[in-house]
Structure formats: structure tokens, C-alpha cells
Amino acid sequence: MNFSGRRTILAIPCLVLFGCVSSPDPSSEEAVGTSEEAIVSANRLSMNRLSMNRLSMNGLSMSRLSTNGRELATTDLMLDEDGRELLRYTIGCALPEGQSLVGTVDSTTYQFDGRIGLAPDWLRGPLPEKSQRWVTACLLAHVNGYGVEVAISLRGRHPALATDSAERRAYQQEEISFFGNVFQPLGERDELGDIGSRMYSCGGALLQMSCADDESAFVPERTCASKADCSLKFLGPCRDLTSLRTSVCKDVSLEGYGRCQAPTSVPSGKATPTPYNEVITVFLQRPDFTAFYPLCTPLFP
């Protein structure tokens, strides 16, 4: 596997090798010493697992991620495979490459490796809401909806997401942008004033243009947003080419969007926009974009 760029990540079903485990059972699919293919097949992020573990995620963010820089803080996410899978992606998004934490359950030690580095200060104290939003955007970008492996480039206005010219040339097809906060309890107003689902996505300009003749094809099925039971809200085009004034996102650049807005209901019943500055945009290579959206008209040879 090629991890030459920290933002160029193998996504679905395995985006990066966020975790491995030392187990007394050599047949375990997570055991150290299994083949790379076995680890890859077990390493996928499910929207259902993310949604079902929101309360645990909130508890995890309320304290330091580690008390000594080596061992993971106590969390019930360690107790089952679903929780450990979510921890792999969470720690992979939060900590930089070269840092890892371990946790032990029933004499089995699991290692969770950093990869991107969106919230390294979590090792020293509770996770601030701003960092919660960065890690959330990263997690949503890794959601498995199709079960098909694809390479992605993650971009956003965070130092850990900086890209070089080679990565930008290889991954030119803007697909989907993500923002939200899965660490905050549903129904409770956060510092932005949002009390909604806090799992949001919007489609890129290329997606909007190439799928203009088929509105249903515009919905990004890769992220599960087209499925009725998906918690991820698709808000339409990020930068609406037909009506820029009403676009979901503003302030676009090579690093993605500087601000996107989510419609949030208030007690009066009216929807008011909640601004998110922590936005991550996924870019694909041309062949992968075409493969995921076969019903859309290609805009390139």
C-alpha cells in the first residue's frame, strides 16, 4: 500500500491501517502477524457504528485521550469490535503519523496508530469543540457506503491537510465535502448553536455538473447518503453553480471550503444556518469518479 501522502488515504473498505492488535489467538482477524490483506478486510468504518456510538464518543472527548502518552484512556469503545473500529479511525484522524496508543481488554492488547494529526492536543486535555469538528469531518469522509476500495485525497484549511502539487494533479475530481460534530449529544445546543444531526455533506461542482440530467444520481451513494436509514444529511451542491447566493459553502480555494452552513431548527420551528469552518473535501482520481457515478455524463475524456 502507498501512503506517500498523509492525505491520500486508502478509503473503503480500508482507508489507512489505523489499528492492529496483539492477540493470543493467531487466527484472529485482528491479530498481529496476519497478512496485510486480512487487516485491510477488517478495517472499515460503518455509518451505523458511528451513529450508534455517539454517546461513547462524547464521553471520550471529555477527558485526555491518554494519561501517559502511551495508553488509551478508559472508554467502553474498547469493549467490542464496533467500538474498536471507530477508535481506529478516530485516533488515526486525531493523532499524527508516528504516534500510537494501546489499550487492553481481556489480556488482548490493541494498538491504535495516528495518521493525519487533526487534534494532537487531545493527548494533553479534553478535545475542544473546534477539534471535535475537524475529527468529525475526517470520520465522515471515511464512511463506508459502497464497500469498494478507493483512494481519496482529503483537503481542508488545517495544517495537517496541506497538499502538494503532485497530489493535486493526481486527485483533481472534487466529490463531497463533510462537516459536523459527532461528539456533541443530540438535542443539546453546542457552541455553534447546532442541535441537529451534526452529520452533514454536500456535493462538489463536478458532481453537480456531470449529474445535472439525473437528480437522483447526484446524491453521493458512496457515503450512504442516498440510503433512507443513513444519518448523514446531504445538503445538495456545496457551491451551487445555478445559484451561488444560496450555496451551502462559501470561500472556496485549493484547500477546499472555508465555511459551510447547516440548516438548524430552533425552538420557534424556523431553520437558521449554522456555520462550520472545519470542512474536509474529498477529491478522487478520474477513473474512480467515473466508476462511482456511472449514470452521470462525463465531463472529461
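Rules of the game
Residues numbered from 1 in each chain as written. Predicted model: local features only at pLDDT ≥ 70, side-chain atom pairs only at ≥ 80, totals over all residues. Heavy atoms only, no water. Salt bridge = Lys/Arg side-chain N within 4 Å of Asp/Glu carboxyl O. Helix = DSSP H or I, 4+ residues; strand = E, 2+ residues; numbered from the N terminus. Buried < 20%, exposed > 50% of the residue type's maximum accessible area, 1.4 Å probe, protein only. Phe/Tyr/Trp six-rings, centres within 6.5 Å; stacked < 30°, edge-to-face > 60°. Disulfide = S-S within 2.5 Å. pLDDT = per-residue confidence, 0-100. Contact = heavy atoms within 4.5 Å. Expected span 1.5 Å × (residues − 1). Core = buried A, V, L, I, M, F, W, Y, C linked by side-chain atoms within 4.5 Å. Pairing = 2+ DSSP bridges. Polar contact = N/O pair within 3.5 Å; in protein donor to acceptor, adjacent residues only side chain to side chain.

1. Concerning the pattern of salt bridges
Stage number 1. For the coordinates displayed, the defined rule picks out 8 salt bridges.
Stage number 2. Between E97 and R115 there is a salt bridge, and its shortest N-O distance comes to 2.8 Å. A residue pair is termed long-range when its members are at least 10 positions apart, and E97 in the loop between α4 (81-94) and β4 (100-105) and R115 in the loop between β5 (108-113) and α5 (129-141) qualify at 18 residues.
Stage number 3. Owing to a relative accessible area of 42%, E97 belongs among the partly exposed residues under this scheme.
Stage number 4. When its relative accessible area of 10% is taken as the criterion, R115 is described as buried.
Stage number 5. D121 is the salt-bridge partner of R124, the closest N and O atoms lying 2.2 Å from each other.
Stage number 6. Several salt bridges converge on common partners, so that one network encompasses E129, K130, R133, E191 and E278.

2. Overview of the packing of aromatic side chains
Within a pair of aromatic rings, the relevant descriptors are the distance that separates the centres and the angle that separates the planes.
Stage number 1. Under the defined criterion, the tally for this structure stands at 4 aromatic pairs.
Stage number 2. Ring plane angle 35° and centroid distance 5.5 Å describe the contact between F179 and Y200, whose orientation is recorded as tilted. Of this pair, F179 sits in strand β8 (residues 173-180) while Y200 is found in strand β9 (residues 199-203), placing the two residues 21 residues apart along the sequence.
Stage number 3. On the basis of relative accessible area, F179 is assigned to the buried category, the value being 0%.

3. What about the state of the cysteines?
Stage number 1. Going through the model one piece at a time under the given rule, you end up with 3 disulfides.
Stage number 2. Each sulfur in the disulfide pair C93 and C138 lies 2.1 Å from the other. A torsion of -75° about the S-S bond marks the disulfide between C93 and C138 as left-handed. Taken together, the residues C93 in helix α4 and C138 in helix α5 connect sequence positions 45 residues apart. The two residues C93 and C138 agree in class, both being buried.
Stage number 3. Between the sulfur atoms of C249 and its disulfide mate C260 the distance is 2.0 Å. With the S-S dihedral at roughly 105°, the linkage between C249 and C260 falls on the right-handed side. Of this pair, C249 sits in strand β11 (residues 249-253) while C260 sits in strand β12 (residues 256-265), and the two are 11 residues apart along the sequence.
Stage number 4. Judged by its relative accessible area of 2%, C249 falls in the buried class.

4. So, the confidence of the model for the protein chain
Stage number 1. Across the protein chain, pLDDT averages 77, with 73% of residues at or above 70.
Stage number 2. Here residues 1-43 scores under 50 on pLDDT; set against residues more than four positions off or in separate chains, the count is 116 contacts.

5. Comments concerning α5
Stage number 1. For α5, spanning 13 residues, the distance from its first C-alpha to its last is 18 Å, which sits close to the expected 18 Å at 1.5 Å a residue.
Stage number 2. Of all the 13 residues making up α5, 12 are buried; the element is thus mostly covered by neighbouring parts of the structure.
Stage number 3. Turning to α5, its buried residues number three or more, namely E129, S131, Q132, R133, W134, V135, T136, A137, C138, L139, L140 and A141.

6. Considerations on the nonpolar core
Stage number 1. L50, L65, L118, L139, L154 and I280 are the most contacted members of the largest nonpolar core, which totals 56 residues.
Stage number 2. It is α5 that contributes the most residues to this core, 7 residues altogether.
Stage number 3. Residues V248, C249, A262 and Y276 belong to the second largest nonpolar core, which totals 11 residues.

7. Observations concerning the environment of L154
Stage number 1. Locating L154 in the fold gives a position in strand β7 (residues 150-155).
Stage number 2. Judged by relative accessible area, which is 0%, L154 ranks as buried.
Stage number 3. C-alpha of L154 to C-alpha of I280: the two residues are 126 residues apart in sequence and 6.3 Å apart in space.

8. Re the pairing of strand β14 (residues 280-284)
Stage number 1. With respect to burial, β14 is a largely interior element, 5 of its 5 residues being buried.
Stage number 2. Where β7 and β14 come together, 3 bridges link them in antiparallel fashion. Along β14, the bridge assignment pairs R155 with T281.
Stage number 3. Bridge count for β8 against β14 is 5 bridges, and the pairing is antiparallel. Considered in β14, the bridge of F178 is made with I280.

9. Considerations on α4
Stage number 1. In this model, α4 (14 residues) spans 20 Å end to end at C-alpha, consistent with the 20 Å of a helix rising 1.5 Å per residue.
Stage number 2. Along α4, 12 of the 14 residues are buried, which leaves the element largely enclosed by surrounding structure.
Stage number 3. For α4, the set of buried residues is G83, R84, E85, L86, L87, R88, Y89, T90, I91, G92, C93 and A94.
Stage number 4. Taking the backbone nitrogen of D82 as reference, a side-chain oxygen 3.2 Å away marks D80 as the first, capping residue of α4.

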